[in-house]
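Below, each chain spelled out in residue letters.
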Amino acid sequence: MRAIQVTQFGGPEVLVPTELDPPVAGPDQLLVEVTAAGVNFADTHRTDGSYRGGVKLPFVPGVEIVGRTDAGRRILSPIFGTGGGYAEYAVAPVNRAIDVPDEVSDGQALALHIQGLTAWHVLKNSAKLSPGETVLVNAAAGGVGSLAIQLAKYFGARRVIATASTHAKRELARELGADVAVDNNPDGYVERVLKATDGVDVVLDSTGGATMLAGLECLNGFGRLVNYGNAGREGRPSVDPSALAQRNLSVAGFWLVPAMDLPNGYAEPLTELLALTAAKKLSPLVGAEYPLEDARRSHEDLLARRTTGKLILKP
């Protein structure tokens, strides 16, 4: 089968098309003919060797797929343990395979998987969003951010403030339902946000570094900031609890993998997200689609922030 294999850690240049034997499904696994694989920012960390927990060489990247089983089921599944999504065939765990409604495209389904579940959990479980609150979404034109805007409104947020790096991305955030969209440059960030609103109750941040610290300054008393990534590659800054106490603020970190193992943490919210999309009440943002052989270009575009929405590879 055709696949993308990484034999050394590095940048997008290490994503090399190759021919490999198809995987063999073991107990409690399904062999899936992949129709689309998701491309995630975390894939770039796996590729350069900086991913949490490490990755052993050689490996085929890709941790989420949509495809058909031998029995004809069209399924969506994570493949965190084995990886292998950047290929024509992959194996998926039986207990994670979720049927995809016909009304939902491959790209939409993949957008709902890691990004949709992340947006759902950070709003519901980490931030514990209450109706009537104001939410600030960083990287609002990305996969998580674009869904977080919509879900925050669906869950009852009074206002959603979006930040993004370009005028086009800010316009997109407004089209998705953000009340206001501002530049995400850390210089002047706080002033721009507070000019748009009288403070926020929840900040969702995937950038880290100076942007995360700027988001903290925008919070009202008892506000909550949830960090779920380090897209800015500046690291996650240390936060002094005594400084948080001055306004009774909370800072939480989120990682999807363990959240999916919690009761009602995976199938139930994902089924809800798929149903909302099938009913056209939620619009997952599908970005560029690349042939499998262009996996390198997908990572280059992602790292250069030339993308919006969910990126997918099509074998």
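Structure's up top.
What you see is a predicted model; the values in this text were computed from it and never measured.

**Focus on the sheet that holds strand β8 (residues 134-137)**
Part 1: With respect to topology, six strands assemble into an open sheet ordered β10-β9-β8-β11-β12-β13, the strand pairing being parallel. Lying at the two open borders of the sheet, with one neighbouring strand each, are β10 (180-183) and β13 (250-253). For this sheet, the mean angle separating the axes of adjacent strands, direction not counted, is 20°.
Part 2: Judged from the three bridges that link them, β8 and strand β11 (residues 200-205) form a sheet pairing that is parallel. Paired with V137 across the strands is L204, a residue of β11.
Part 3: Most of the contacts of helix α3 (residues 143-154) go to strand β9 (residues 159-164), to which it runs at about 170°, and overall it touches β8, β9 and β11.
Part 4: With respect to the sheet, helix α5 (residues 189-196) is in contact with β8, β9, β10 and β11, its orientation differing from that of β10 by roughly 165°.

**Structural notes on the nonpolar core**
Part 1: Counting 53 residues, the largest nonpolar core has V135, I149 and L204 as its most contacted members.
Part 2: For this core, the secondary-structure elements that each account for two or more residues are α2 (106-126), β8, α3, β9, α4 (167-175), β11, α8 (256-259) and α9 (267-278).
Part 3: The element that contributes the greatest number of residues to this core is α2, accounting for nine residues.
Part 4: Beyond its immediate sequence surroundings of up to four residues, V135 is in contact with L123, L129, A152, A157, R159, V160, I161, V202 and L204.
Part 5: Residues A92, Y290, A295 and L302 belong to the second largest nonpolar core, which totals 27 residues.

**Here we look at the packing of helix α1 (residues 41-48) against helix α10 (residues 295-303)**
Part 1: Where α1 meets α10, the axes come as close as 10 Å, and the angle between the chain directions of the two elements is 110°. By the criterion of interaxial angle, the relationship of α1 to α10 is roughly perpendicular. In this structure, α1 crosses over α10, and the sense of that crossing is left-handed. Between α1, through F41, D43, T44 and T47, and α10, the contact on the second element is made entirely by H299, L302 and L303.
Part 2: Here the contact of α1 with α10 is composed, by residue class, of three nonpolar, three polar and one charged.

**Focus on the pattern of salt bridges**
Part 1: Within the structure shown, the criterion is met by 14 salt bridges.
Part 2: A salt bridge links R2 to E293; its shortest N-O distance comes to 2.3 Å. Taken as a pair, R2 in strand β1 (residues 2-5) and E293 in the loop between β14 (286-291) and α10 lie far apart in primary sequence, 291 residues in all.
Part 3: When its relative accessible area of 39% is taken as the criterion, E293 is described as partly exposed.

**Examining the side chain of T211**
Part 1: One can find T211 in helix α6 (residues 209-217).
Part 2: Beyond its immediate sequence surroundings of up to four residues, T211 is in contact with N138, N184, P186, Y189 and D205.

**Let's talk about the packing of α2 against α9**
Part 1: Running from N to C, α2 and α9 cross one another at 125°; their axes reach a closest spacing of 10 Å. One way to sum up the angle between α2 and α9 is to call them oblique. In terms of crossing hand, the pair formed by α2 and α9 is right-handed. Where α2 abuts α9, its residues Q108, A109, L112, H113, G116, L117 and W120 lie against P269, L270, E272, L273, L274 and T277.
Part 2: The class makeup of the residues in the contact of α2 with α9 is eight nonpolar, four polar and one charged.

**A closer look at α1**
Part 1: Taken together, the buried positions of α1 are occupied by D43, T44, H45, R46 and T47.
Part 2: Here the buried face of α1 lies against β3 (29-39) and α10.
Part 3: Positive backbone phi, approximately 85°, marks G49, located one or two places after α1.

**Things to note about the packing of aromatic side chains**
Part 1: For the structure shown, the criterion picks out one aromatic pair.
Part 2: On the numbers, 5.8 Å between centres and 55° between planes, the contact of Y154 with F155 is tilted.
Part 3: Given the relative accessible area of 14%, F155 is considered buried.
Part 4: One Lys or Arg, R46, reaches over the ring of Y51 and ends 4.0 Å from the middle of that ring.
Part 5: Sitting over the ring of Y266, R96 keeps its end group 4.7 Å from the ring centre.

Thresholds, definitions, all that
- Residues numbered from 1 in each chain as written.
- Predicted model: local features only at pLDDT ≥ 70, side-chain atom pairs only at ≥ 80, totals over all residues.
- Heavy atoms only, no water.
- Pairing = 2+ DSSP bridges.
- Helix = DSSP H or I, 4+ residues; strand = E, 2+ residues; numbered from the N terminus.
- Axes fitted to C-alpha atoms, helices over the stretch in contact; angles between N-to-C directions.
- Contact = heavy atoms within 4.5 Å.
- Core = buried A, V, L, I, M, F, W, Y, C linked by side-chain atoms within 4.5 Å.
- Buried < 20%, exposed > 50% of the residue type's maximum accessible area, 1.4 Å probe, protein only.
- Parallel < 35°, antiparallel > 145°, perpendicular 65-115°, else oblique.
- Left-handed = near helix turned anticlockwise from the far one by under 90°.
- Nonpolar A, V, L, I, M, F, W, Y, C, P; charged D, E, K, R; others polar.
- Salt bridge = Lys/Arg side-chain N within 4 Å of Asp/Glu carboxyl O.
- Phe/Tyr/Trp six-rings, centres within 6.5 Å; stacked < 30°, edge-to-face > 60°.
- Lys NZ or Arg CZ within 6 Å of the ring centre and 35° of its normal.

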